[in-house]
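A look at the structure
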Amino acid sequence: MATAVRPLSGEGPIAARSIDALLARLRRRIRLYVWIEGLASIVIALGVAFWAGLALDWLLEPSPAVRIVALAVVAAIVGVVAYRRLLRRAFVPLSDTSMALLLERRYRDFDESLLTVVELSRRPPGDSSYDLEMLRHTGDQAALRSQRVRLGAIFDPRPLLRGVSAAVLLVASIVAFGVFSSDAFSFWIDRIALTPEPWPRNTRLMVAGFEENEHGIRTVRVGRDGDLELIVQADLDMPAPPPESVEIRYRMADGARGRDSMTRIGRALPGRDEFQVYRYEFKDIVSDFTFDVVGGDDRVEGLQVEVVDRPQFVGMTLELTYPAYMQRDPRNVEVSGVMPVPEGTRLGIRAQANKPLSHVVVQDVDQQTRNEIEMTGAVDRQVFQYKLPPLDGDKLLTFLLLDDDGIQTREPYRLSLSMVADETPQVAVGLTGIGTSITPDARIPFSGKVLDDYALQEAWFEYQVDEGEPRRQMFEPAPAGALQVDVDQALDARDWNDADRLTPGQRLVMSVQATDRYDLAGEPHVGSSQRFLLDVVTPDQLRAMLEGREGMLRERFETIVAEMTETRDLLARVELLSDVDSPQPGSETDEEPSVDEAEGAEESATAQETALEDSADDTADQAARTEDADRQTAQHRLRVVRAEQNVQRTAHETLGVAAAFDEIREELINNRIDNEEVKRRLQDEIADPLKNIGQTLVPALEESLGELKGQIGDPAAGEPKLAEVLRQSDEVLVAMQQVLDKMLELEDYNEVIELLRGIIEEQQQLNERTQRRRRERLLEN
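Residues numbered from 1 in each chain as written. Predicted model: local features only at pLDDT ≥ 70, side-chain atom pairs only at ≥ 80, totals over all residues. Heavy atoms only, no water.

1. Side note on the overall build of the chain
- Counting its secondary structure elements, the chain contains eleven helices and 28 strands.
- Counting only residues that meet the buried cut, the chain has 38% of its 781 residues in that class.
- Counting contacts in the chain only where the partners sit at least 6 residues apart, residues at least 24 apart contribute 72% of the total.
- Summed over all atoms, the accessible surface of the chain reaches about 44,400 Å², with 51% contributed by carbon and sulfur. (Helix = DSSP H or I, 4+ residues; strand = E, 2+ residues; numbered from the N terminus. Buried < 20%, exposed > 50% of the residue type's maximum accessible area, 1.4 Å probe, protein only. Contact = heavy atoms within 4.5 Å. Areas by Shrake-Rupley, 256 points an atom, 1.4 Å probe, with all protein chains shown as cover.)

Here's what the structure looks like:
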C-alpha cells in the first residue's frame, strides 16, 4: 500500500513528489509485468491443451465420456496456472518500502538514502529519534539520485518475452489451423463439444477375426503353443494410397515390448482390387499379449491375444461287442497304441475331453470319409461318443477337436484299429506207435493237440483208401466249444464196415481235421493236420520190415559200442604228471669247487667259471623239463575233453536206439502181430537196459570226467578219480555188451520163428495140394 513521503524542507514537497512518482511508476510496471506474464501462461496452457488434445483425440479417438474427463482435467490445469501465475501475484500489496528496497538493490549509489527517507517519513512529526535537517538532506540526495533511475533496467524482459512469444505462436498456430484447415478445426471443435463422430482418415485399416469381449476389448483366442496368422486389409477407396508398410507394436504380459513390420502381399491396384493385404504370423504363443496395428494415418489399437488350452482327449475307451459265435461278453478297453480288435466286432468309442467341445471331425483315412459331429446339443460336451459298424478290416481314424473359441487340436488324435482275423483251427497231431506200413487189422493211434483262438465246433478223422471217397469218423466226445482238445485217440481198421475193410496192397491216406464256430462269411474255418500215407501189407511183410529195422538198429548199436571202446582206450592213455622238481641247493650241479686258501688265484678263478657254466646248463634243462611237462598235461587234458564229448554223444545215441526199439514194440502191438515173448524181449532185455545206460550209467561217467578234467595237474587227487573213471567206463561197456548179446539172441529168435513160419506155410501148402489132388481123383472116378 503506497504512503506519501512527508516534506522534509522548503523544497521538500518537490523531492517527496519525485520519490512518490518513482515508486508509483515502479509499482505499475510490476503489476503490468505480472498481468502480461500470467495471461501469457494461461494462453500457453490453453494452447498446449488445444494441440495435445487434438493429437490424442486424433490418435486415440476416445469416447465422449473420456473427453469429458479430459476437458475437466484441462480446466483444472488452466485454473491452477491462472491462480499460480496471475491471481495470486497480481493482487499482492506492493509497499513503498518494498519498492525502495528493490531500487536500492538495483542502484547501489542510493546508498540506502531512498530506503531511509521512505522509512522515516512514515514516523509521526513529533518523533525526536532522528534529526529533521539530516532527513531533509537525505531526501534531497535521494531525489537527486532518483533522476538517474531507469525502471526498464530493473526488469529482466527475457522470461516475459519467451512467455509472450510462446503464447503468440500458439495463438497464431491455432488461427492458422483454423484458416488453412477449417474442416479439421471445425471437426475438432465438434469433438470438443463431445460429438461421437470419429475423425475422418485418409487410410483405413481393418483387422479380421477379433471380437469384443465383455469388457469391450477386441480379443482373439489362440491355443497354447500355437500360431496366429494376422491379416490386415487397407481399403483402396480411401483418399490416400495404401501404406508401404504396416507395423505391429506389441506388449507382453510381463511388460516386455516390441515391434515388427508386416509383410505386404503383392501390390493391389485401385479398380482391380478392393484391399491391399498385409500378413504377419505370431509363432509359438505361450502367454497373453496386446498389440496395435499402425499404418498410414490409421491405427487399430488394443487388440488382445488370449492364450487358452487346446482341446484334447484325456482318455479314450473302446466299447467292444463281439460276434455271437465267439460267446464272449462285451468289454471296455482303454486305448493305448494300435488296438487289436477281432473281426466282426461292433465298436463304440467313448472319449473324455479336457474342455467343452463344439465340434468333432472324424475322418476315416482308409475310406476317405469325413464326418463332422456337432456337440452343442450334448448333455456333457466334454464326453464324445461314436459308433462304428462291425469291423471288417484295418481302420485308421483321426479326430479333430474344436472348442467354443474355434481352437482346434494341434495335431489330430489318431486311433489305429487292427482287425484280428479269425484263425483256422490249428491241428498239431501225429501218428504214434505206427510206421508207414500197417496190417489190415491195425489200430492207428494219433496224439497231439487241436486248438482254436475262440472255440472249436467239431473234430474228426478223415481217411481215404486208394482213390475211394473220403470217410469221416467223428471225435468222441466232440470239442463242444473248447479252445483246445488234447488228442489221444485211435482209428481201428477192424471196426470199419466190410466195404471199407483194408486189404494188402492198398494205400490209406489219413488226417485229422477240425472246424470252429466262425459264421461271419458263411462256412466255418476248417483246419487239417498233415496227410499221412500208409501202405497196407500182410503181417508177415510187416514182421520182415520190423526185423530188418531191428538188424539196422543192432548194427548202429555195435558202432556205438565200438566208439565207447575207443573212448575207454583214450582214457587209459591219460597220465597224471606232477610238477618237475627244481634242482635243490647243495646238489651236485650247485656245488661250488672247494679251494684251499693256499691255491693260487688262477686256480680259484678257473673253478668258479666251471661252476657257473654247470649251473647255467642245469637251469636250461629244468626249463625244458617244465615245458615238456606242461605240454603233456595239456595233451592229457585234451584227451579227457574229447572223452567227455564222446560220452555225451554216446548217451544221446543210446537213448535214440532205445526209443527206436520202443517204436518197434508199439508197432507190433498196434498192428496186432505181437506175442508176449517178443514184447518181453524188446522191452525188458533191450529197451529198458538201453535207457538205463543212457540215463544213468553214461551221465555218471560224464560227471566223473568233468571232475577229472580239473584234476589233471594234481596227481594226489587225480589218480583216484582216473581209476573211478576207468571203472565206470568198463561198467558201461559191460552193460552195452549185455544188451548187444540180447539183440543177437533176438535176431536168432526171429530167425527161428521165421523158419517155423516157413515150415508151417509149406505144410499148409502141402495140405492144400493134397486136398486138391483127392478132389481131382474123386472126380475122375
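Moving on from the coordinates now.
2. Some details on the nonpolar core
- Judged by nonpolar contacts, the single largest core of 45 residues is most densely connected at F557, F661, L690 and M743.
- Mapped by element, the contributors of at least two residues to this core are α8 (539-572), α9 (601-670), α10 (676-709) and α11 (715-780). (Core = buried A, V, L, I, M, F, W, Y, C linked by side-chain atoms within 4.5 Å.)

3. Looking at a nonpolar patch on the surface
- There is a patch of nonpolar side chains on the surface, built from W35, L39, Y83, L87 and F91 and spanning about 530 Å² of accessible area.
- Within the residue set of the nonpolar patch, elements represented by two or more residues are α1 (12-60) and α2 (64-90).
- Here L87 shows up in helix α2.
- What makes L87 partly exposed here is its relative accessible area of 44%. (Patch = residues over 30% accessible without salt bridge, like charges linked within 9 Å, V, L, I, M, F, W, Y side chains within 5 Å. Salt bridge = Lys/Arg side-chain N within 4 Å of Asp/Glu carboxyl O.)

4. Description of the side chain of T195
- Relative to the assigned elements, T195 resides in the loop between α7 (182-192) and β1 (205-207).
- T195 sits in the buried class, given a relative accessible area of 18%.
- Every residue in contact with T195, bar those within four places of it in the chain, is listed here: R67 and D190.

5. Examining α7
- For α7, the complete set of buried residues consists of F187, W188 and R191. Down the axis of α7, the buried set is contained in an arc of 105°. They therefore lie on one face.
- Phi turns positive one or two residues past the end of α7, at L194, with a value near 70°. (Arc of directions from axis to C-beta.)

6. Description of the environment of S729
- Inspection of the secondary structure puts S729 in helix α11.
- For S729, a relative accessible area of 0% puts it in the buried group.
- Taking the C-alpha atoms as reference points, S729 and R568, 161 residues apart in sequence, are found 6.1 Å from one another.
- Leave out the neighbours within four places in its chain, and S729 touches M564, R568, L571 and L701.

7. Overview of α10
- Here α10 contains 34 residues, and its C-alpha end-to-end distance of 47 Å stays within 8% of the 50 Å for a straight helix at 1.5 Å per residue.
- Of all bends in α10, the biggest is about 35°, found at I693.
- The opening residue of α10 is N675, an N-cap whose side-chain oxygen sits 3.2 Å from the backbone nitrogen of E677. (Expected span 1.5 Å × (residues − 1). Bend = angle between axes of the 7 residues up to and from the residue. Polar contact = N/O pair within 3.5 Å; in protein donor to acceptor, adjacent residues only side chain to side chain.)

8. Observations regarding the packing of helix α6 (residues 157-180) against α7
- At a closest axis distance of 5 Å, the pairing of α6 and α7 adopts a crossing angle of 110°. By the angle between their directions, the pair α6 and α7 is classed as roughly perpendicular. Contacts from I174, F177, G178, V179 and F180 of α6 reach α7 at S182, A184 and F185. (Axes fitted to C-alpha atoms, helices over the stretch in contact; angles between N-to-C directions. Parallel < 35°, antiparallel > 145°, perpendicular 65-115°, else oblique.)

9. Focus on the sheet that holds strand β16 (residues 369-374)
- One open sheet accounts for five strands, arranged β13-β19-β18-β15-β16; its pairing is mixed. On the outer flanks of this sheet lie β13 (339-342) and β16, each paired with one strand and no other. On average, adjacent strands in this sheet sit at an angle of 25° to one another, irrespective of strand direction.
- With five bridges connecting them, strand β18 (residues 395-403) and strand β19 (residues 413-420) associate as antiparallel partners. Bridge pairing in β19 places K395 opposite L417. (Pairing = 2+ DSSP bridges.)

10. Focus: the sheet that holds strand β10 (residues 298-308)
- Reading across the sheet, the six strands line up as β2-β3-β10-β9-β5-β6 and stay open at both edges, with mixed pairing between neighbours. Each edge of the open sheet is held by one strand with a lone partner, namely β2 (211-212) and β6 (257-261).
- Examined bridge by bridge, strand β3 (residues 218-223) and β10 share five bridges and lie parallel to one another. Looking at the pairing, V222 lines up with V307 of β10.

11. Notes on the pairing of strand β5 (residues 247-252)
- In this structure, β5 lies alongside β6, joined through five bridges in antiparallel fashion. In the sheet register, I248 faces β6, and the bridge partner there is D260.
- The sheet contact formed by β5 and strand β9 (residues 289-295) spans six bridges and is antiparallel. Bridge pairing links I248 to V293 in β9.

12. What about the packing of aromatic side chains?
- Taken as a whole and judged by the stated rule, the model has 22 aromatic pairs.
- On the numbers, 6.2 Å between centres and 70° between planes, the contact of F50 with F177 is edge-to-face. Remark: F177 occurs in helix α6 and F50 occurs in helix α1; sequence separation between them is 127 residues. We note that F50, like F177, is buried.
- Ring centres of F282 and F291 lie 5.4 Å apart, and the angle between their planes is 50°; this geometry places the pair in the tilted category. In this structure, F282 and F291 share a single accessibility class: buried.
- Taken together, the aromatic side chains of F50, W51, F177, F185 and W188 make up a single cluster linked through ring pairs.
- Positioned over the ring face of Y322 is R328, at 4.6 Å from the centre of the ring.
- The ring of W460 carries R472 above its face, with NZ or CZ at 3.9 Å from the centroid. (Phe/Tyr/Trp six-rings, centres within 6.5 Å; stacked < 30°, edge-to-face > 60°. Lys NZ or Arg CZ within 6 Å of the ring centre and 35° of its normal.)

13. Details of the side chain of K721
- Residue placement: K721 occurs in helix α11.
- Among the residues examined, K721 registers a relative accessible area of 13% and is labelled buried.
- With residues near it in sequence (within four places) discarded, K721 still touches S704, E707, L708 and Q711.

14. Focus: the environment of V164
- Within the secondary structure, V164 sits in helix α6.
- Distance from V164 to S41, taken between C-alpha atoms, is 8.2 Å for residues 123 residues apart in sequence.
- Apart from residues no more than four positions distant in its own chain, V164 is found in contact with I36 and A40.

15. A few points about the confidence of the model for the chain
- The predicted model of the chain has a mean per-residue pLDDT of 81, with 80% of residues at 70 or higher.
- Below pLDDT 50 for its whole length, residues 1-12 participates in 30 contacts with residues either more than four positions away or in separate chains.
- Confidence over residues 579-601 falls short of pLDDT 50; this stretch has 23 contacts with residues more than four positions distant or in other chains. (pLDDT = per-residue confidence, 0-100.)

16. Thoughts on the pairing of strand β15 (residues 357-364)
- Extensive coverage of β15 is indicated by the burial of six of its eight residues.
- Where β15 meets β18, seven bridges bridge the pair, whose relative direction is antiparallel. Residue V360 lies in a different strand from β18, and its bridge partner there is L401.
- Sheet topology note: the β15/β16 ladder contains six bridges and is antiparallel. Across the sheet, residue Q363 finds its bridge partner in β16, namely R370.
- Joining the antiparallel neighbours β15 and β16 is a turn of four residues, in which Q368 adopts a positive phi near 55°.

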